[in-house]
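Chain residues, written in single-letter form:
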Amino acid sequence: MNPHQCQVVTALNTFVGKWKPIILLNLFVNGTLRFNELRKQIPDIKQRMLTLHLRELEEQDLIKRVVYAQVPPKVEYSLTEYGKTLGPLMNALHEWGENHLKHLETMKSPPLIKDPNS
């Protein structure tokens with residue numbers, strides 16, 4: 001892999017951030033969600049930030065937005081077929097994250113001190 005042609009940064013910029021992985025995971029787990037349902041799943045996110053990230057994910061063709069012509073308007077979000085291709089990557093990152101946390105915990109363990117008299 002040539003570092004000058006590596007697209008890891010491109011990939012990460014598409015779906016990494018504080019909220020994008022959580023939005024995507026909620027859509028992976030729950031399927032299609034309305035805006036307020038998604039917002040309830042992520043209580044700490046501000047409405048403006050959720051809207052911004054949903055638009056960005058839509059622009060990247062990772063999620064689709066369906067607006068129903070009714071009063072009040074009904075809007076649903078779901079993963080696109082292309083967005084579903086992130087599944088194996090998200091699973092691999094989740095597994096790596098779990099292993100990384102375990103690794104960090106082992107680093108915090110106090111080192112074994114050898115008894116100089118033994």
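Everything that follows concerns the structure shown earlier in this document.
Please read these numbers as outputs of a predicted model, since none were measured by experiment.

Moving on: the nonpolar core. Core analysis: the largest hydrophobic core is formed by 20 residues, its most contacted members being Ile 23, Leu 24, Leu 54 and Ile 63. Among the elements of the structure, α2 (20-30), α3 (35-41), α4 (47-59) and β3 (74-79) are those that each provide at least two residues to this core. Beyond its immediate stretch of four places on either side in the chain, Ile 23 contacts Leu 38, Ile 42, Ile 45, Leu 50, His 53, Leu 54 and Leu 57.

Peptide bonds are, in most cases, trans, and in most cases residues other than glycine have a negative phi. Omega for the bond connecting Val 71 with Pro 72 falls within 30 degrees of zero, at -10°, which places this linkage in the cis form. Position of Pro 72 relative to the elements: it lies in the loop between β2 (63-68) and β3. Within the chain, Asp 61 stands out as a residue other than glycine whose phi angle is a positive 65°. Mapped onto the secondary structure, Asp 61 falls in the loop between α4 and β2.

What follows is about the pairing of β3. β3 sits mainly inside the fold: five of its six residues count as buried. By the bridge criterion, two bridges tie strand β1 (residues 33-34) to β3 in an arrangement that is antiparallel. Counted as the bridge partner of Leu 33 is Tyr 77 from β3. Between β2 and β3, which pair antiparallel one after the other, the connecting turn spans five residues.

Moving on to the pairing of β2. Note: β2 against β3, six bridges, orientation antiparallel. Within the sheet, the bridge partner assigned to Arg 65 lies in β3 and is Tyr 77.

Thresholds, definitions, all that
- Residues numbered from 1 in each chain as written.
- Predicted model: local features only at pLDDT ≥ 70, side-chain atom pairs only at ≥ 80, totals over all residues.
- Heavy atoms only, no water.
- Core = buried A, V, L, I, M, F, W, Y, C linked by side-chain atoms within 4.5 Å.
- Buried < 20%, exposed > 50% of the residue type's maximum accessible area, 1.4 Å probe, protein only.
- Helix = DSSP H or I, 4+ residues; strand = E, 2+ residues; numbered from the N terminus.
- Contact = heavy atoms within 4.5 Å.
- Pairing = 2+ DSSP bridges.

So far we have only geometry, and geometry alone does not tell us how the molecule works.
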